[in-house]
There are 2 protein chains.
Amino acid sequence: MARTRGSFAEDTKGRIFNVAAALFAGRGFAAVSMRDIAAEAGVRAGTLYRYTPDKNTLLCDLGTGHLRALIAAWEACDQTDPLAAFVRNHLSFSLARPDTAVIASRELHCLSDDQARAVFALRTDYETTLGRILLTRGLSPEEAVFTTRSILAMLSQVPIWFRARGGLSAQELAMRYVDMTRRMVPLPATA
Amino acid sequence: MARTRGSFAEDTKGRIFNVAAALFAGRGFAAVSMRDIAAEAGVRAGTLYRYTPDKNTLLCDLGTGHLRALIAAWEACDQTDPLAAFVRNHLSFSLARPDTAVIASRELHCLSDDQARAVFALRTDYETTLGRILLTRGLSPEEAVFTTRSILAMLSQVPIWFRARGGLSAQELAMRYVDMTRRMVPLPATA
DNA sequence: GTCTATAGCTGGATAGAC
DNA sequence: GTCTATCCAGCTATAGAC
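Residues numbered from 1 in each chain as written. Chains lettered and ligands numbered in written order. Predicted model: local features only at pLDDT ≥ 70, side-chain atom pairs only at ≥ 80, totals over all residues. Heavy atoms only, no water.

Trainee: What's the story with the overall build of chain A in this structure? I'm lost.
Mentor: On a plain count of helices and strands, chain A comes out with nine helices and zero strands. Order of helices (α) and strands (β) in chain A, N terminus to C terminus: α-α-α-α-α-α-α-α-α. Its C-alpha atoms put chain A at 65 × 40 × 30 Å along the principal axes. With 191 residues in all, chain A has 45% of them scored as buried. As displayed, chain A offers around 9,900 Å² of accessible surface, 52% of which is attributable to carbon and sulfur atoms. Charge-centre separation for chain A: the mean point of 23 positive side chains lies 6 Å from the mean point of 19 negative side chains. (Helix = DSSP H or I, 4+ residues; strand = E, 2+ residues; numbered from the N terminus. Buried < 20%, exposed > 50% of the residue type's maximum accessible area, 1.4 Å probe, protein only. Areas by Shrake-Rupley, 256 points an atom, 1.4 Å probe, with all protein chains shown as cover. Lys, Arg positive; Asp, Glu negative; His and termini not counted. Charge placed at Lys NZ, Arg CZ, Asp CG, Glu CD.)

Trainee: Looking at this structure, how should I read the packing of aromatic side chains?
Mentor: How two aromatic rings sit relative to each other is given by the distance of their centres and the angle of their planes. Residue and element names in this part refer to chain A. For the structure on display, the rule yields 10 aromatic pairs over all chains. Ring centres 5.0 Å apart and planes at 70 degrees place the aromatic pair phenylalanine 24 and phenylalanine 29 in the edge-to-face group. Phenylalanine 24 gets classed as buried once you look at its relative accessible area, which sits at 0%. A relative accessible area of 6% places phenylalanine 29 in the buried class. Each ring, one from tryptophan 161 and one from phenylalanine 162, has its centre 6.2 Å from the other, and the planes form 80 degrees; the classification is edge-to-face. Overall, tryptophan 161 belongs to the partly exposed group, its relative accessible area being 21%. Site record: aromatic cluster; members linked through ring pairs are Trp74, Phe86 and Tyr126. The lysine or arginine in question, arginine 97, covers the ring of phenylalanine 93, its NZ or CZ lying 3.9 Å from the ring centre. (Phe/Tyr/Trp six-rings, centres within 6.5 Å; stacked < 30°, edge-to-face > 60°. Lys NZ or Arg CZ within 6 Å of the ring centre and 35° of its normal.)

Trainee: Help me out: how do you make sense of the protein's contact with DNA strand D in this one?
Mentor: With respect to spatial proximity, 17 residues lie near DNA strand D, and among them A:Arg44, A:Arg50, A:Tyr51, B:Met34 and B:Arg35 are the closest. Sugar plus phosphate, as a fraction of atoms of DNA strand D within 4 Å of the protein: 67%. The separation between a phosphate oxygen of DNA strand D and a polar side-chain atom of A:Tyr51 is 2.3 Å. Between a phosphate oxygen of DNA strand D and a side-chain N or O atom of B:Tyr49, the distance comes to 3.1 Å. Looking at the surface near DNA strand D, the elements with two or more residues in it are helix H1 (9-27) of chain A together with helix H2 (34-41) of chain B. A per-class count over the surface near DNA strand D returns six nonpolar, five polar and six charged. (Near = heavy atom within 4 Å. Polar contact = N/O pair within 3.5 Å; in protein donor to acceptor, adjacent residues only side chain to side chain. Nonpolar A, V, L, I, M, F, W, Y, C, P; charged D, E, K, R; others polar.)

Trainee: So what exactly am I meant to see when it comes to the nonpolar core here?
Mentor: In globular proteins that are soluble, nonpolar side chains generally tend to be buried together. Counting residues in each nonpolar core, the largest one holds 121 residues, and the members touching the most others are A:Phe24, A:Ile37, A:Tyr177, B:Phe24, B:Ile37 and B:Tyr177. Beyond its immediate sequence surroundings of up to four residues, B:Ile37 is in contact with B:Ile16, B:Val19, B:Ala20, B:Leu23, B:Phe24, B:Val32, B:Leu48 and B:Leu58. (Core = buried A, V, L, I, M, F, W, Y, C linked by side-chain atoms within 4.5 Å. Contact = heavy atoms within 4.5 Å.)

Trainee: Explanation requested: the protein's contact with DNA strand C in the structure shown.
Mentor: Residues in contact with DNA strand C amount to 16 residues; listed here are only the nearest, A:Met34, B:Arg44, B:Thr47, B:Arg50 and B:Tyr51. Backbone atoms, meaning sugar and phosphate, form 67% of the atoms of DNA strand C found within 4 Å of the protein. A:Lys55 places a main-chain nitrogen or oxygen 3.0 Å from a phosphate oxygen of DNA strand C. Among the elements of the structure, helix H2 (34-41) of chain A together with helix H1 (9-27) of chain B are those that each provide at least two residues to the surface near DNA strand C. Taken together, the residues of the surface near DNA strand C break down into six nonpolar, five polar and five charged.

Trainee: What is the right way to read the relation of the copies chain A and chain B from this model?
Mentor: The two chain copies are connected by a rotation around an axis plus a translation along it. Each copy superposes on the other: chain A lies on chain B with an RMSD of 0.0 Å after a rotation of 180 degrees and an axial shift of 0.0 Å. What we have between these two chains is a two-fold relation. (Least-squares fit on C-alpha atoms with pLDDT ≥ 70 in both.)

Trainee: I would appreciate a short explanation of the interface of chain A and chain B in the present structure.
Mentor: How big an interface is tends to be stated in terms of the accessible area lost upon association of its parts. Counting residues at the interface gives 26 residues for chain A, matched by 26 residues for chain B. Taken together, the two surfaces of chain A and chain B that pack against each other cover about 2,400 Å², and 65% of this comes from carbon and sulfur. Broken down residue by residue, the surface that chain A buries against chain B is led by A:His109, A:Phe146 and A:Arg183, which jointly contribute 24%. Linking chain A to chain B there are two salt bridges. At the level of elements, H1, helix H8 (141-161) and helix H9 (170-184) of chain A are the ones that each hand at least two residues to the side of chain A that touches chain B. Examining the composition of the side of chain A that touches chain B, we find that 10 residues originate from one element, H8(A), more than from any other. Split by residue class, the side of chain A that touches chain B holds 12 nonpolar, six polar and eight charged. (Buried area = accessible area lost by both parts, 1.4 Å probe. Salt bridge = Lys/Arg side-chain N within 4 Å of Asp/Glu carboxyl O.)

Trainee: Please explain the side chain of B:Gln115 as it appears in this structure.
Mentor: Structurally, B:Gln115 can be placed in helix H7 (residues 114-136). The residues touching B:Gln115, leaving out its near neighbours within four places in the chain, are B:Asn56, B:Thr57 and B:Cys60.

Trainee: Help me understand helix H7 (residues 114-136) of chain A in this model?
Mentor: Think of an α-helix as 3.6 residues a turn; residues three or four steps apart then line up on the same face. All names here are of chain A. An ideal rise of 1.5 Å per residue puts 33 Å on 23 residues; H7 measures up with 34 Å between its terminal C-alpha atoms. Within H7 the residues assigned to the buried category are Gln115, Val119, Leu122, Tyr126, Thr129, Leu130, Gly131, Ile133 and Leu134. Close packing links the buried residues of H7 with helix H4 (55-75), helix H5 (82-96) and H8. Phi for glycine 138, located one or two positions after H7, is positive at around 95 degrees. (Expected span 1.5 Å × (residues − 1).)

Trainee: How should the packing of helix H4 (residues 55-75) of chain B against H7(B) be read in this particular structure?
Mentor: Two numbers describe a pair of packed helices, the interaxial angle and the distance between the axes. All names here are of chain B. Two numbers describe how H4 lies on H7: the axes approach to 9 Å, and their chain directions differ by 20 degrees. Considering their axes alone, H4 and H7 lie roughly parallel with respect to each other. In this structure, H4 meets H7 at a crossing whose hand is left-handed. For the pair H4 and H7, contact is made by Asn56, Thr57, Cys60, Thr64, Leu67, Arg68, Leu70, Ile71 and Trp74 and by Gln115, Val119, Leu122, Arg123, Asp125, Tyr126, Thr129 and Ile133, respectively. (Axes fitted to C-alpha atoms, helices over the stretch in contact; angles between N-to-C directions. Parallel < 35°, antiparallel > 145°, perpendicular 65-115°, else oblique. Left-handed = near helix turned anticlockwise from the far one by under 90°.)

This is the structure in structure tokens:
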């Protein structure tokens, strides 16, 4: 309980980034103003620029941060059954951080050039991970391409609509998606 | 070749709507200004307001127009094999109009309230159509919900990345998606 | 039917007080 | 570390000439 007064910079930064993620995910990057973010975070607009050089960098950091952490989570996984592990990791990670998940899948086209390249490289990395898993299950390179995109498309949509009230739990949902994904990839190589 | 001079209103309107669709799909609704649309369409900004009351209505009309035409195309289909017909119709329609397809799937969250409701109703209609097909194939209502969303998510992503150069043709791609979708829906009811 | 001109706002970002 | 105050660029939408 030290430091009940003084520097709250870390709290402020966290609050700003969380609030920005929520607003970007909800209304879209371009429709959210720095003043909106500031108001929701309980500071004034000028203060935001202590924590980010500009609005685009804020979006970029949210996107790359999410993707980096997602890839790190995957690398820390038990990958005995790679396809199932991939689906489970993607869903559990994304449902724990739905705002940045939505941003990483739907808002990054607002970035310009240099920043876009950085994020795009991460996303390609991640796609390639899934692509390789599909190849080891016997898909042709051509099939692997659109199957990878299809699986990621359907997984990325989940945080937009799923709410763990009433219906399936997140774990149950993940099981269903593992089953569905297995059926999409016809022939396991372990014959 | 009558009327090489005089009223070109219809051409202008078509050009404006096409240009707007392309820009909204490419950069996102909020990042495109009326001036951008006007410049690309070869008119001045004020002229746009002869053809739409405001920018939001323009987006709304593009979205509802796409969805209405998509549903009409479905209703005109040979529906002997409903699931395959649905997938083929969705892909061929969307790939013929990739800009409005992207708008209908990704840009409509920029609309506000009344307009959003109108579009949302159309999209729900369309989702329900697919949901019913899945129910007749023996899926439980619960499974039908997330399977519907998964199929539409993966289909809606296609116009974002697919270009008919080099690789698969649109028809070949549609065949693969029909196969993949059939595998996602485990048990045909026609036993 | 298209233009010019502009009103009226809101946006991102900065400077300097405290 | 946060605030106040502000600059100025860019936006939507309108009014009225041609």
